[in-house]
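What follows is the residue order along each chain.
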Amino acid sequence: MKQIDEEVLIKGAKNGDKECFRELVLLYQDQAYRIAYRMMGNQEDAKDATQESFIKIYRSLHTFKEESNFSTWMYRIVNNTCLDLLRKRKRRKEIPIEGTGGKDGEEYEIPIEDPGDGPEVLLQAKSLQEAMKIALWEISEEYRTAVILRDLEQFSYQEIAEIMKISQGTVKSRINRGRIQLREKLTAYLEE
Amino acid sequence: MKCTIMEQKIAAFVDDSLSVEEEKHLLDHIEGCKFCKNTLEIQQIIYEKYRTMGEDELTAPVDFSVSVIDELDKQGAFAKDRESKTLSRKRESKKTFRSFTKRWFGGAALAAAGLVLVFIGFTGGEIPLIAMDDAMESSEMADDMGVATDDVSVQEVPESERARGEVYNGDSEIADGEPPVAEDSENDFGAMETSEDEVRDISPNYPMILAGLFGILTGGVWLYLRFR
C-alpha cells in the first residue's frame, strides 16, 4: 500500500502537484534531516542542507526513473548536498559542532579546526558523546558517510552502495576502516 | 604487543558481517591474543554507543515541509512547471518523432535499396522495354497479317503522300519487288528484333542480386537492433 501511495505521490509531484510533493517531504524529512545533522554536525546547518536537498530533489524529479528505489535516490542527493556544503564551509577553517554537557546541560558549539590538527580538541571533550561527535567529524569524509549510514541510520549494505554509488565491497571496506579510526581516536580519549 | 592481523575482521564482527568461517577464525585467534581481545571489546562498546546515538528522537524542525514548499513557490517552480508541461510534452513528442525517424530511416533505406537491386538483378531493369516490345510485337504481327492492309492503305494514300514515299525511296537502294519502306523504320525493325532477343534471353545478374540481398539483410539487422 505504501509503495503504491509513494508512486502516486511521485507521479503527482512530477506533474507539478504541490500537495503531492509536500506529502513526499513529510514522508522523508525526518530521516533526511538526521543524515544531514550527522554530516553537518549542528542543527542550523542541517536544516539548510536538508531544505536545499529537497529543492534539488524537486528540480531533479524528471530524471528519476520509476523502476529505481526513490528513497536511495533521494538520500544520495541529501548526502551529496551535505558534502558540497561542507566543502564550501571548510574554507572557513572552523566548523561548529554542537556539544552537550555544558552547564545545566544546554547545547553549545565547539569550533573544530580542519581534521589532522591533532587529538587536542577531542581530548577536551566534556563527555563521551561529545568525543564521539568530534571523532566522527575527524575521520575522513568517505568513511564518515559510510559509518553514519550503517551504524547510526541502519541502512543495509545494498542501500548504502546505491546511495554512495559504490560497490558493496567498497562499502564494507570503508565502514571497517571508519570504525577502526573511530576506535583509535576514542581509545586515546578513554585512556586519558 | 600490538596486533593488526585481525583488525579488519574485528571491525566487521561487531555487526555480524563475517561469514561463519571467518568468525570461527577470528574467535580462535582471540583465544590466544590479548591485544585483539581488548580491541574487540572496545570496538563493540563504541559500535553500541554509536547505534544508541542513532536512535535519538531527532526530527526535522516544525513546519519544515511548509518552508520547503514556500521556497519552491518563491522560485516559481510550481507555476513554471504547469506552464511548461504542454510545451515540454510537445517538445518531447517532436523529439520522439525525430528520433523514431532517425532510428528506422537508415535500416529502411538499406532494405529498400536492396530490394531494388534484387529486382534489377533478376529482370535487368527492362520491364518498361518489355512492355514497349510487346506493343511493337503486336504491331509487327499486324504488319505481317496486313500486307494487304498496307496495299489498301497505299490505295487510299493520296498522291502527295505517295510522292513523299517515292522521294524517300529514292534516298535508299531498293531491290525490285521489295515493298517501299522508310530507312528509319527498317533500322527500327532491326533494332526491335535485337531487343526482343535480349528480352527473351535475360540472365540474372547474380552479383547485383547478392548485393541486394546483402542490403536487405543489413537493413533488417539494423531495424532489429534499433527496435529491440
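Quick caveat, the model's predicted, so the values are computed rather than measured.

K.L.:
When you look at the interface of chain B and chain A in this model, what are you seeing that I'm missing?
P.N.:
Reports of interface size often rely on the accessible area that becomes lost once the parts have come together. Taken together, the contact pairs 36 residues of chain B with 41 residues of chain A. It is B:Tyr50, B:Leu58 and B:Phe64 in chain B that bury the most area against chain A; as a group they hold 19% of the surface buried on that side. Linking chain B with chain A are four salt bridges. Linking A:Arg150 and B:Asp15 is a salt bridge whose minimum nitrogen-to-oxygen distance equals 2.9 Å. Across the contact surface, chain B and chain A share 14 residue pairs in polar contact (both at pLDDT 80 or more). Among the elements of the structure, α1 (7-13), α3 (34-54), α4 (64-74) and α5 (77-123) of chain B are those that each provide at least two residues to the side of chain B that touches chain A. The element that contributes the greatest number of residues to the side of chain B that touches chain A is α3(B), accounting for 10 residues.

K.L.:
Honestly, the packing of helix α7 (residues 141-152) of chain A against helix α8 (residues 157-164) of chain A in this entry has me stumped. Any pointers?
P.N.:
Each pair of packed helices can be described by the angle between their axes along with the distance between the axes. All names here are of chain A. One can describe the packing of α7 onto α8 by two numbers: an axis separation of 10 Å at closest approach and a directional angle of 140 degrees. The angle between α7 and α8 places the two elements in the oblique class. For α7 against α8, the interelement crossing comes out right-handed. Every residue of α8 that contacts α7 at Glu142, Thr145, Ala146, Leu149 and Arg150 is listed here: Tyr157, Ile160, Ile163 and Met164. Class assignment for the residues of the contact of α7 with α8 results in six nonpolar, one polar and two charged.

K.L.:
Would you mind showing me how to read the environment of B:Phe122 here?
P.N.:
Residue and element names in this part refer to chain B. Along the chain, Phe122 turns up in helix α5. Assessed through its relative accessible area of 49%, Phe122 is described here as partly exposed. Along the sequence, Phe122 and Ser203 sit 81 residues apart, while their C-alpha atoms lie 7.5 Å from each other.

K.L.:
Help me understand a nonpolar patch on the surface, please; the structure alone is not making it clear to me.
P.N.:
Residues and elements named next belong to chain B. On the surface, a cluster of nonpolar side chains totalling about 420 Å² of accessible area is made up of Leu217, Val221, Tyr224 and Leu225. In this structure, Leu217 sits in helix α10 (residues 206-227). Accessibility expressed as a relative area gives 56% for Leu217, which makes it exposed.

K.L.:
Explain the packing of aromatic side chains to me, please; I cannot follow it from the model alone.
P.N.:
Each aromatic ring pair is specified by the distance between its two centres and by the angle formed by the two planes. Applying the stated criterion across every chain yields a total of nine aromatic pairs over all chains. Residues A:Tyr28 and A:Phe70 carry aromatic rings whose centres are separated by 5.7 Å and whose planes lie at 55 degrees to one another, so their mutual orientation is tilted. Here A:Tyr28, found in helix α2 (residues 18-40), pairs with A:Phe70, found in helix α4 (residues 70-90); they are 42 residues apart in sequence, far enough to count as distant. Note on accessibility: A:Tyr28 and A:Phe70 belong to one class, buried. Taking the centre distance of 5.9 Å and the plane angle of 65 degrees together, the rings of A:Phe54 and B:Phe64 count as edge-to-face. Within this pair, whereas A:Phe54 is found in helix α3 (residues 43-60), its partner B:Phe64 is found in helix α4, the two belonging to separate chains. Put simply, the rings of A:Tyr28, A:Phe64, A:Phe70, A:Trp73, A:Tyr75 and A:Phe155 pair up and form one aromatic cluster. Just above the ring of A:Trp137 sits the side chain of A:Arg144; from NZ or CZ to the centre is 4.5 Å.

K.L.:
Could you clarify how one ought to interpret α3(B) in this entry?
P.N.:
Since the α-helix packs 3.6 residues into each turn, any two residues three or four apart lie on the same face. End to end, α3(B) covers 31 Å across 21 residues, agreeing with the expected 30 Å (1.5 Å per residue, within 8%). Here α3(B) has its buried residues at B:Cys36, B:Thr39, B:Leu40, B:Ile42, B:Gln43, B:Ile46, B:Tyr47, B:Tyr50, B:Met53 and B:Gly54. In the core, the buried residues of α3(B) are packed alongside α2, α6 (128-138), α7 and α9 (168-191) of chain A together with α1 and α2 (20-31) of chain B.

K.L.:
Help me understand the pattern of salt bridges, please; the structure alone is not making it clear to me.
P.N.:
Residue and element names in this part refer to chain A. By the definition in use, this model includes 20 salt bridges over all chains. Between Arg87 and Glu141 there is a salt bridge, and its shortest N-O distance comes to 2.7 Å. Of this pair, Arg87 sits in helix α4 while Glu141 sits in helix α7, placing them 54 residues apart in sequence. By relative accessible area, which is 41% here, Arg87 ends up partly exposed. Through salt bridges with shared partners, a single ionic network connects Glu52, Lys56, Asp84, Arg87 and Glu141.

K.L.:
Mind showing me how you'd approach the packing of α2(A) against α4(B) here?
P.N.:
As a packed pair, α2(A) and α4(B) sit with axes 9 Å apart at the nearest point and diverge in direction by 140 degrees. Relative to α4(B), α2(A) is oriented oblique. Considering how the two elements wind past one another, α2(A) and α4(B) form a crossing that is right-handed. Contact with α2(A), carried on its side by A:Lys18, A:Phe21, A:Arg22, A:Val25, A:Leu26 and A:Gln29, involves B:Phe64, B:Ser65, B:Val68, B:Ile69, B:Leu72 and B:Asp73 of α4(B) and no other residues of that element. Considered class by class, the residues forming the contact of α2(A) with α4(B) number seven nonpolar, two polar and three charged.

K.L.:
Help me understand the side chain of A:Asn79, please; the structure alone is not making it clear to me.
P.N.:
Residue and element names in this part refer to chain A. Structurally, Asn79 can be placed in helix α4. Relative accessible area serves as the criterion here: at 5%, Asn79 is assigned to the buried category. Here Asn79 is in contact with Met39, Thr145 and Ile163, once residues within four sequence places are set aside.

K.L.:
Would you explain unusual backbone geometry in this entry?
P.N.:
Among all residues save glycine, negative phi is the norm, and among peptide bonds the norm is trans. Residues and elements named next belong to chain A. A positive phi is found at Gln154, a non-glycine position, where the angle reads about 60 degrees. Summarising the element assignment, Gln154 is placed in the loop between α7 and α8. Gln154 sits in the partly exposed class, given a relative accessible area of 42%.

Reading guide: rules and limits
Residues numbered from 1 in each chain as written. Chains lettered and ligands numbered in written order. Predicted model: local features only at pLDDT ≥ 70, side-chain atom pairs only at ≥ 80, totals over all residues. Heavy atoms only, no water. Contact = heavy atoms within 4.5 Å. Buried area = accessible area lost by both parts, 1.4 Å probe. Salt bridge = Lys/Arg side-chain N within 4 Å of Asp/Glu carboxyl O. Polar contact = N/O pair within 3.5 Å; in protein donor to acceptor, adjacent residues only side chain to side chain. Helix = DSSP H or I, 4+ residues; strand = E, 2+ residues; numbered from the N terminus. Axes fitted to C-alpha atoms, helices over the stretch in contact; angles between N-to-C directions. Parallel < 35°, antiparallel > 145°, perpendicular 65-115°, else oblique. Left-handed = near helix turned anticlockwise from the far one by under 90°. Nonpolar A, V, L, I, M, F, W, Y, C, P; charged D, E, K, R; others polar. Buried < 20%, exposed > 50% of the residue type's maximum accessible area, 1.4 Å probe, protein only. Patch = residues over 30% accessible without salt bridge, like charges linked within 9 Å, V, L, I, M, F, W, Y side chains within 5 Å. Areas by Shrake-Rupley, 256 points an atom, 1.4 Å probe, with all protein chains shown as cover. Phe/Tyr/Trp six-rings, centres within 6.5 Å; stacked < 30°, edge-to-face > 60°. Lys NZ or Arg CZ within 6 Å of the ring centre and 35° of its normal. Expected span 1.5 Å × (residues − 1).

Limitation: the analysis is restricted to geometry and does not speak to function.
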